[in-house]
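# Architecture and fold: a report
Letter by letter, the chains look like this.
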Amino acid sequence: MEFYAYSMLLILPLILYMSYHLTRTLAEKKPTTHGLKAHPLLGHLPAFVKNSHRFLDWSTELIAGSPEMRIGLWIPGMRSGIVTGNPADVEHILRTNFANYPKGQHAIGMLEDFLGHGLFNSDGEQWLWQRKNASYEFSKRSLRKFVVDVVQAEVANRLLPLLRRAAGDGVGGDAVVLDLQDVLQRFGFDTICMVAFGHDPRCLADGGVLEEAKSEFMRNFGEALDLVIGRFMDPIEVSWKIKKWLNIGTERRLKKAIADVHAFAMDIVRARRQSASVKDRDDVLSRFVASDEHSDEVLRDIVLSFLVAGRETTSSGLTWFFWLLSSRPDVVARIADEVHAVRKATGTRPGEPFGFDTLREMHYLHAALTESMRLYPPVPTDPQSCAADDTLPDGTFVRAGWFVNYSAYAMGRLAAIWGEDCMEYRPERWLGDDGAFQPASPFRFTVFHAGPRMCLGKEMAYVQMKSIVANVLEELVVDVVKEVAGGGAPEHVFSISLRMKGGLPVKIRRKGECV
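Everything numeric in this text was worked out from a predicted model, so none of it was measured. (Residues numbered from 1 in each chain as written. Predicted model: local features only at pLDDT ≥ 70, side-chain atom pairs only at ≥ 80, totals over all residues. Heavy atoms only, no water.)

Bringing a nonpolar patch on the surface into the picture now. Taken together, the side chains of Trp245, Leu246 and Ile248 present a nonpolar region at the surface, about 340 Å² in accessible area. Position of tryptophan 245 relative to the elements: it lies in helix α10 (residues 239-246). For tryptophan 245, a relative accessible area of 65% puts it in the exposed group. (Patch = residues over 30% accessible without salt bridge, like charges linked within 9 Å, V, L, I, M, F, W, Y side chains within 5 Å. Areas by Shrake-Rupley, 256 points an atom, 1.4 Å probe, with all protein chains shown as cover. Salt bridge = Lys/Arg side-chain N within 4 Å of Asp/Glu carboxyl O. Helix = DSSP H or I, 4+ residues; strand = E, 2+ residues; numbered from the N terminus. Buried < 20%, exposed > 50% of the residue type's maximum accessible area, 1.4 Å probe, protein only.)

So this is what it looks like as C-alpha cells:
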C-alpha cells in the first residue's frame, strides 16, 4: 500500500501537467499540415512518434508536398508550431519581424545547463553585447591573418602527416582505414580553440598523431550535443525534467558529459585570466577577458558557443562533401585543375601554404562546397519562438508561444527553390558565365543563417574548408570504403549539427597509386 501511494505521488504531477496542457491545447487554434491528419486529442502525435527517427526527411517530404512550403505540428504535451521551408517566411522571421522571433525562454531553458547564456543561447541585451564584441573581433584584418595562419599550420603539421601515414608506402596494401569525420572534428576543435581562445588542445598532435587521451573528451562532447537535442524530440516534454530531477537515464549521462565539457571550458577561462599579455593577444576570448566586466561563468558560456560552432559545423560540411566526391570523380578533377591553375598564377609550388587571397580565387571549389552544404547543411534546422501573435506574408496566423523553425535541410531539397534537379549535386549552379561564384539570397540558402544573426564565422569556415580540400586533393586521393560509398546516402545523426552516423571510413592513397 505504501508503495502504491509513493508511486502515485510520483505520477500525479505528470498526470496533472499533461491534463493542464491537453486542456489548454484543445482550446487553442492549432497549426495544420497539408496531407497530414490530426487525430482528436492526439493531434499529430502518432505521425511524429512513427517518424521521429527520420524527422528531417519526414518533415522535408511534408514541406515539399505543401503548397505553402511549411508544416504545422501540434502534439499534446509539447508546444505547437510550424516548420517552414518558405523563403518568404524565413525573411519575415529572420529580418522583417526579427524582434518578434527570439530564441525564446523555452528553447533557451532546454539548452541552458549545457550552453548557459552564450551567443547561441541568448536573446535581447544578453545576446546583443556578445554579438557586438564578437562582430568587432571577426571584422579585424589581424584576426583574418591569424585564422589563415592557424589553419595552414594545422594542415601542414598535423592533418597532412596523418593522412600520409594512413596512406602507407603505397606497396603491399598497408593503407589503414580512418574515420575522416573524427579527424575533421579534431581539426575543427583545435583550430577554433586556437583562433577563439589562443589555446591548443592538440586533439591532432604534431606529426598527425591522434591523441587517445583526447578521445574520451571528444566522445563526451558529442554525446552532450546529442542528448541535449534529444530533449526537443521527446513526445512527453516534461519527461526529461523528471529524469533530470531523479538523475536517471539519458539525463544522468548528460550531466556527466556536461561536467566534463564545462571543466574544459573553465580551464581555458582561468588560464586566460592569469595571462599577463591578454591585451596583446589576437584571440577573441582575450577581448572579453580584457574588459574585466564578466564573471568566469559568463566567459565559460562564450567559450562553449564557439566550441560548438568550431567543432561541429565545418567538420560536418566536409564529411558530407568528401562522401559526395566519392561518386563524382569529375568534380575532384575540376577542383584539382583549379588548384593547379591557381598555383601557376600565383607562382607557388605544391606544399606551400595558400594565402587568403589565393583561396578566394578558387571559385569552383567554393561552388562545390556550397552545393554540398545546400544538400547537407551543417546546421539542418534552427528554432525560433513567436513572442506575440503574428501573420506570415501569405496571411497564415502564428500564435504567441508557438515554435517557428526554418529547415535548411528541407529548403535545399525543394524544387520550388532550386528547380527540378534540386536533388542533384551540381556545383555549376553556383557559377556565372565567367566562372565566378554567384551567391544566392541568404533567405534561400540559409546555411549561414540570415538577418541580424547571420553567422560571423562564415568567412572563417570557407577558409578552413577550402584549405583542407585544396591541400588534400592536390597530393592525395580519398577513397570512401565501398560499404559507405554505395547504396544511397549514409544515415545522419539529428543533433545540433548534421553528423554522419557511424562516421566516414576512408582509405588514403597518394596520387598515381593504383586502387
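Past the structure itself, the notes keep going.
Reading across the sheet, the four strands line up as β1-β2-β9-β6 and stay open at both edges, with mixed pairing between neighbours. In this open sheet, the two edge strands, each paired with only one partner strand, are β1 (70-73) and β6 (381-385). For this sheet, the mean inter-axis angle between neighbouring strands, taken without regard to orientation, is 20 degrees. Two strands pair when backbone bridges link them, and β1 and strand β2 (residues 81-84) are joined in this way by four bridges, in the antiparallel orientation. Within the sheet, the bridge partner assigned to isoleucine 71 lies in β2 and is valine 83. Along the sheet, helix α4 (residues 87-96) makes contact with β1, β2, β6 and β9 (403-407), crossing β9 at roughly 125 degrees. (Pairing = 2+ DSSP bridges. Axes fitted to C-alpha atoms, helices over the stretch in contact; angles between N-to-C directions. Contact = heavy atoms within 4.5 Å.)

So, on to the sheet that holds strand β10 (residues 476-480). In any sheet, the strands associate via hydrogen bonds between backbone groups, in a parallel or an antiparallel arrangement. Taken in spatial order, the three strands of this open sheet run β3-β13-β10, and their pairing is antiparallel. Every other strand in the sheet has two partners, leaving β3 (177-179) and β10 as the edge strands with one partner each. Averaged over all adjacent pairs, the angle separating strand axes in this sheet is 40 degrees, with direction ignored. Relative to strand β13 (residues 505-510), β3 runs antiparallel, the two sharing three bridges. Bridging from a neighbouring strand, valine 177 pairs with lysine 507 of β13. Sheet strands in contact with helix α7 (residues 141-167) are β3, β10 and β13, and its direction is about 85 degrees off that of β13. Across the sheet, helix α8 (residues 180-197) lies against β3, β10 and β13, angled at about 50 degrees from β3, the strand it touches most.

In this section: the pattern of salt bridges. Two side chains bearing opposite charge may form a pair once their charged atoms approach each other closely. With the rule as written, the count across this model stands at 33 salt bridges. In this structure, arginine 499 engages glutamate 312 in a salt bridge whose closest nitrogen and oxygen atoms are separated by 3.0 Å. Of this pair, arginine 499 sits in strand β12 (residues 498-500) while glutamate 312 is found in helix α13 (residues 296-325), placing the two residues 187 residues apart along the sequence. The exposure class of arginine 499 is buried, given its relative accessible area of 9%. Three or more residues joined by partner-sharing salt bridges are found here, namely Glu371, Arg374, Asp421, Arg426 and Arg429.

Residues in a regular strand point their side chains to alternate faces of the sheet. The element β6 is extensively covered by neighbouring structure, given that four of its five residues are classed as buried. Judged from the five bridges that link them, β6 and β9 form a sheet pairing that is antiparallel. Bridge pairing in β9 places proline 383 opposite asparagine 405.

Position of arginine 70 relative to the elements: it lies in strand β1. A relative accessible area of 6% places arginine 70 in the buried class. Within the structure, arginine 70 has its side chain in polar contact with the side chain of threonine 396 (distance 2.9 Å). If we skip the residues at most four places from it in the chain, arginine 70 touches Ile63, Ile82, Val83, Thr84, Asn86, Asp89, Leu392, Asp394 and Thr396. (Polar contact = N/O pair within 3.5 Å; in protein donor to acceptor, adjacent residues only side chain to side chain.)

If you look at the biggest cluster of nonpolar residues, it comprises 144 residues, and the most contacted ones within it are Leu307, Phe321, Phe322 and Ile335. At 14 residues, the largest contribution of residues to this core is made by α13. Apart from residues lying up to four places away in sequence, isoleucine 335 is in contact with Phe321, Tyr364, Leu365, Ala368, Val469 and Leu473. (Core = buried A, V, L, I, M, F, W, Y, C linked by side-chain atoms within 4.5 Å.)

With that settled, the discussion passes to the packing of aromatic side chains. Within the structure shown, the criterion is met by 17 aromatic pairs. Residues tryptophan 430 and phenylalanine 445 carry aromatic rings whose centres are separated by 5.1 Å and whose planes lie at 70 degrees to one another, so their mutual orientation is edge-to-face. Within this pair, whereas tryptophan 430 is found in the loop between α18 (415-418) and α19 (458-475), its partner phenylalanine 445 is found in the loop between α18 and α19, the two being separated by 15 residues in sequence. In this structure, tryptophan 430 and phenylalanine 445 share a single accessibility class: buried. With a centroid separation of 5.6 Å and 40 degrees between ring planes, the pair formed by phenylalanine 448 and tyrosine 462 is classed as tilted. (Phe/Tyr/Trp six-rings, centres within 6.5 Å; stacked < 30°, edge-to-face > 60°.)

A separate point is the confidence of the model for the protein chain. Summing up the model confidence of the protein chain, the mean pLDDT is 86 and the portion of residues at 70 or higher is 88%. When the elements of the protein chain are averaged for pLDDT, helix α1 (residues 2-27) gives the smallest value, 57, and helix α16 (residues 363-375) the largest, 98. (pLDDT = per-residue confidence, 0-100.)

Below, the discussion takes up the packing of α8 against α19. Any two packed helices are characterised by the angle at which their axes cross and by the distance between the axes. Contact geometry of α8 with α19 gives a least axis separation of 12 Å together with a crossing angle of 135 degrees. Judged on the interaxial angle alone, α19 and α8 are oblique. When you trace α8 past α19, the crossing you get is right-handed. Contacts from Leu184, Phe187, Gly188, Thr191, Ile192 and Val195 in α8 reach Met460, Gln464 and Ile468 in α19. For the contact of α8 with α19, the residue count by class is six nonpolar, three polar and no charged. (Parallel < 35°, antiparallel > 145°, perpendicular 65-115°, else oblique. Left-handed = near helix turned anticlockwise from the far one by under 90°. Nonpolar A, V, L, I, M, F, W, Y, C, P; charged D, E, K, R; others polar.)

By the alternation rule, side chains of β2 split into Gly81 and Val83 and Ile82 and Thr84, which are all buried. With four bridges connecting them, β2 and β9 associate as parallel partners. When the sheet's bridge partners are listed, isoleucine 82 is paired in β9 with valine 404.

In this section: the environment of serine 316. Inspection of the secondary structure assignment puts serine 316 in helix α13. Note on serine 316: relative accessible area 0%, which makes it buried. In sequence terms serine 316 and methionine 373 are 57 residues apart; their C-alpha atoms lie 9.1 Å from each other. If near-sequence neighbours (up to four positions away) are discounted, serine 316 is found in contact with Pro378, Ser497, Leu498 and Arg499. A polar atom in the side chain of serine 316 sits 2.8 Å from the backbone oxygen of leucine 498.

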